[in-house]
Amino acid sequence: MAEKAETFAFQAEISQLMSLIINTFYSNKEVFLRELISNASDALDNIRYQSLTDPSVLGDEKDLYIHITPDKENKTLDVRDTGVGMTKADLVNNLGTIAKSGTKAFMEALSSGADISMIGQFGVGFYAAYLVADRVQVITKHNDDEQYVWESSAGGSFTITRDTANPPIGRGTIVRLHLKEDQLDFLEEKNIRATVKKHSEFIGYPISLVVEKDVKREEPSDTTIEETAAMGTDADNPTIEEVTDDDDKSKKTGTKKTTALEELNKMKPLWTRQPNSITAAEYAAFYKALTNDWEDHLAVKHFSVEGQLEFKAILFVPKRAPFDLFTPSRKLNNIKLYVRRVFIMDDCADLIPEWLGFVKGIVDSEDLPLNISREMLQQNKIIKVIRKNLVKKSIELFTEISEDKESFEKFFEAFGKNVKLGIHEDAVNRVKLAEFLRFHSTKSGAEMTTLKDYVTRMPEKQKFIYYIAGESRSSVENSPFLEVLKKKGYEVLFMVDPIDEHAIQPLKEFEGKQFMSASKEGLELDEDEEEKKRIEDQKKEYEPLLVRVKEILGDKVEKVTLSNRILSSPSAIVTGQYGWSANMERIMKAQALRDTSISTYMASKKILELNPAHSIVRNLKAKVADNKDDSIVKEISQLLYETAILSSGFSLDDPTSFANRIHRMVKLGLDLPIDEENAMSSAVQATADIPPLSEATAESKMEEVD
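Residues numbered from 1 in each chain as written. Predicted model: local features only at pLDDT ≥ 70, side-chain atom pairs only at ≥ 80, totals over all residues. Heavy atoms only, no water.

A count of helices and strands for the protein chain gives 25 helices and 22 strands. Relative to its full complement of 706 residues, the protein chain shows a buried share of 46%. Considering only contacts in the protein chain between residues 6 or more positions apart, those separated by 24 or more positions represent 72%. Working note: accessible area of the protein chain is about 37400 Å², and carbon and sulfur atoms make up 50% of it. (Helix = DSSP H or I, 4+ residues; strand = E, 2+ residues; numbered from the N terminus. Buried < 20%, exposed > 50% of the residue type's maximum accessible area, 1.4 Å probe, protein only. Contact = heavy atoms within 4.5 Å. Areas by Shrake-Rupley, 256 points an atom, 1.4 Å probe, with all protein chains shown as cover.)

To continue, consider the packing of helix H18 (residues 543-553) against helix H21 (residues 615-626). Where H18 contacts H21, the axes come no closer than 9 Å and their chain directions differ by 85 degrees. Here H18 is positioned roughly perpendicular relative to H21, judged by the angle of their axes. Seen from H18, the contacting residues are Pro544, Leu545 and Arg548; seen from H21, they are Val617, Leu620, Lys621 and Val624. The residue inventory of the contact of H18 with H21, partitioned by class, reads five nonpolar, no polar and two charged. (Axes fitted to C-alpha atoms, helices over the stretch in contact; angles between N-to-C directions. Parallel < 35°, antiparallel > 145°, perpendicular 65-115°, else oblique. Nonpolar A, V, L, I, M, F, W, Y, C, P; charged D, E, K, R; others polar.)

This paragraph deals with the sheet that holds strand E11 (residues 311-317). Read from one edge to the other, the open sheet built from five strands follows the order E10-E11-E14-E12-E13, with strand pairing classed as mixed. Bordering the open sheet on either side are strand E10 (299-305) and strand E13 (342-345), each of which pairs with just one other strand. In this sheet, neighbouring strand axes are inclined to one another by 20 degrees on average, regardless of whether the strands run parallel or antiparallel. Contacts from helix H8 (residues 280-291) reach E10, E11, strand E12 (335-339) and strand E14 (360-365) within the one sheet, and its direction differs from that of E11 by about 85 degrees. (Pairing = 2+ DSSP bridges.)

It is worth spelling out helix H10 (residues 381-402) at this point. With 22 residues, H10 should cover 32 Å at 1.5 Å per step; its first-to-last C-alpha distance of 32 Å lies within 8% of that length. Three or more residues of H10 are buried, namely Ile382, Ile383, Ile386, Asn389, Leu390, Val391, Lys393, Ser394, Ile395, Leu397, Phe398 and Ile401. (Expected span 1.5 Å × (residues − 1).)

Right, let's get into the pattern of salt bridges. Using the criterion set out here, one finds 35 salt bridges in the structure. Residues arginine 273 and glutamate 282 are paired through a salt bridge, measuring 3.1 Å at the closest nitrogen-oxygen approach. Among the residues examined, glutamate 282 registers a relative accessible area of 28% and is labelled partly exposed. For lysine 559, the salt bridge identified is with glutamate 521, shortest N-O distance 3.0 Å. Taken as a pair, lysine 559 in strand E20 (residues 559-562) and glutamate 521 in the loop between strand E19 (513-517) and helix H17 (529-541) lie far apart in primary sequence, 38 residues in all. (Salt bridge = Lys/Arg side-chain N within 4 Å of Asp/Glu carboxyl O.)

In this section: the sheet that holds strand E17 (residues 492-495). Taken together, five strands build an open sheet; the order of strands is E15-E17-E16-E19-E18 and the sheet is mixed. Each of the sheet's edge strands pairs with one partner strand only, and the pair in question is strand E15 (440-441) and strand E18 (509-510). Summarising the sheet, strand E16 (residues 464-469) and E17 pair through four bridges and their orientation is parallel. Its bridge partner being in E17, alanine 469 is matched across the sheet by methionine 495.

So, on to a negative patch on the surface. Residues Glu403, Asp404, Glu406, Glu409 and Glu413 make up a contiguous surface patch of negative charge. Among the structural elements, glutamate 406 can be located in helix H11 (residues 405-425). (Patch = residues over 30% accessible without salt bridge, like charges linked within 9 Å, V, L, I, M, F, W, Y side chains within 5 Å. Lys, Arg positive; Asp, Glu negative; His and termini not counted. Charge placed at Lys NZ, Arg CZ, Asp CG, Glu CD.)

Ranked by size, the top nonpolar core spans 80 residues in total, and within it Val317, Phe358, Phe398, Ile401, Phe411, Leu451 and Tyr466 carry the most contacts. With nine residues, the top contributor of residues to this core is H10. The residues contacting valine 317, other than those within four sequence positions of it, are His297, Leu298, Ala299, Phe358, Leu397, Phe398, Ile401, Phe411 and Phe415. Counting 54 residues, the second largest nonpolar core, distinct from the first, contains Ala128, Tyr130, Val132 and Phe158. (Core = buried A, V, L, I, M, F, W, Y, C linked by side-chain atoms within 4.5 Å.)

Let's shift gears to the pairing of strand E21 (residues 571-575). Judged by how many residues are buried, E21 sits mostly within the fold: five of five residues are covered. Residues Ser571, Ile573 and Thr575 point to one face of E21 and Ala572 and Val574 to the other, with burial holding for every one of them. Pairing analysis gives five bridges linking E21 to strand E22 (residues 606-610), with the strands arranged antiparallel. Across the sheet, the residue bridging to serine 571 is leucine 610, located in E22.

Our next topic: unusual backbone geometry. Positive phi outside glycine occurs at lysine 75, with the angle close to 60 degrees. Along the chain, the position of lysine 75 falls in the loop between strand E2 (66-71) and strand E3 (76-81). Backbone geometry at glutamate 511 places phi at a positive 50 degrees, although glycine is not the residue there. With respect to the element layout, glutamate 511 can be found in the loop between E18 and E19. Judged by relative accessible area, glutamate 511 falls into the partly exposed class, the value being 46%.

Right under this line is the structure:
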């Protein structure tokens, strides 16, 4: 005789919640399985804790597990655990009136834009079952009570019946979902596997899926049976025949369906173990499972934080940078956040700064509150403390990598830009990160040098760390800005990565030595009093030339002055101390979506520096003294400016005018008329009349230029 069902009314808030879940469309309905598995894990935790003091509570069912059984024929999905189970009173209280405040808070969070995936963090995760099911049964057995069935079709009531229809389960709970017609995909093995892997892979108990398998079996065919029977009647004439392959063909091969358990979460939560008990192979396997990388990691940091805040973490540095490391649309999913081994999210931007976006791993917090929405998570103090610790441990990991030269070369080649971005963005750790910087220099040769090694090699009288920024090493190695610095024996760092100048600007100094650009105004070179006096005398001597060149160039330059940084070059263009350098201007102009208004106040204020020791400049000074309005003075002044623009790393605003000016100088050298109109035809006709360069007369105008 069937037991009579008792009917109970849901609490008003529960009814509202269930109505909200049923009647609203959510795309990520898979969270229902995460919540049911999480609840099953809690029930297993409960019975395990009880068994520590009273082993008898386990009874005959000593194995603690979670089984998932899809039944396509009946359109049901069972989630079975051998946890503590529920009494009749527990069913009424836990599934009918529990978590009034949590229910209310969750609905408020939903109305303010929170996601359905947060349901478990408000203590009402069980009701996520109604995302995919129109009827739910809970079959449960507690050690202190009989076996009961809780059932509801998400109306305003639920029933509880003493269970005499289902087989005894011993202890624990089965949550049976009668799936909606449009949710039958959740009965497919691949979907269940994917959902468990994504959300519940590191639950501390084995999660097994009941799968169907086809097993081959061999049966004798009907014809073979008849022949055997016929032969058996001729008892007087027994015959012996060899068994051939043809005899095997006479057997019928059939299949039968059997069920088997397959464990879905074989990768155990490695972070819960002591680091000294874990092998390198285990870390490598865990890293590959976590990240889907095909090669091993470069380095790993496994640590736990205890005290007022408790969390465990494992951080990995990959061997190579992903191709989309700095792509703006790239999803930040390298650090997975767990709360007590239950996956919460993998895109918490506040968990780790952008410059550490290449670090992969997991964080498992014991202290994050369950009733936390995504918006609250961003402002949560615990997250801020976790972030601070992750940055600190990441820097410690980089320090460990730097102890091995070969490993650090791989690291810096892949993630050097990230370190430089960190210097630009992270004011707290700027000095620590500067120790990881590596640059080529005038004295480093093929190797790269650290700032610490640079400072160690500095002559006693050198007060600054000199650097020059440019597009490539070859372009800066031969720069005119290095001429005097090389002569004095000062080492100059080559900054050829586009982000280098961004990193150096906020750094300002290293171990008390300020950074100084070799291509900017105000270069200090430790000159003695005699040198300073000589420079002042030269300024007075060359004043008429400087004034005239400034008049000719006009607004192209802010001023014209004598240089203390070039030896063999006649001129160079330097920039103001606080504006863009030539290299920075080139980078900013290359930005397709840049704000062009910034160029009006950040564009380089160009200063033309002339070398008073160069023959061109000396002769030009004499020309100005003779006749400052001479056309040759104007022509050479323009050429000095334009060649300096190119050699200093800038681009010409009017390359055509520069090309025409060079062509005129070539004609002077070839003793051709400057006003020649038909360049192509005249050049062909005049080729035969052009004297060799070696026969040029002493009156040649080119010599006048020199």
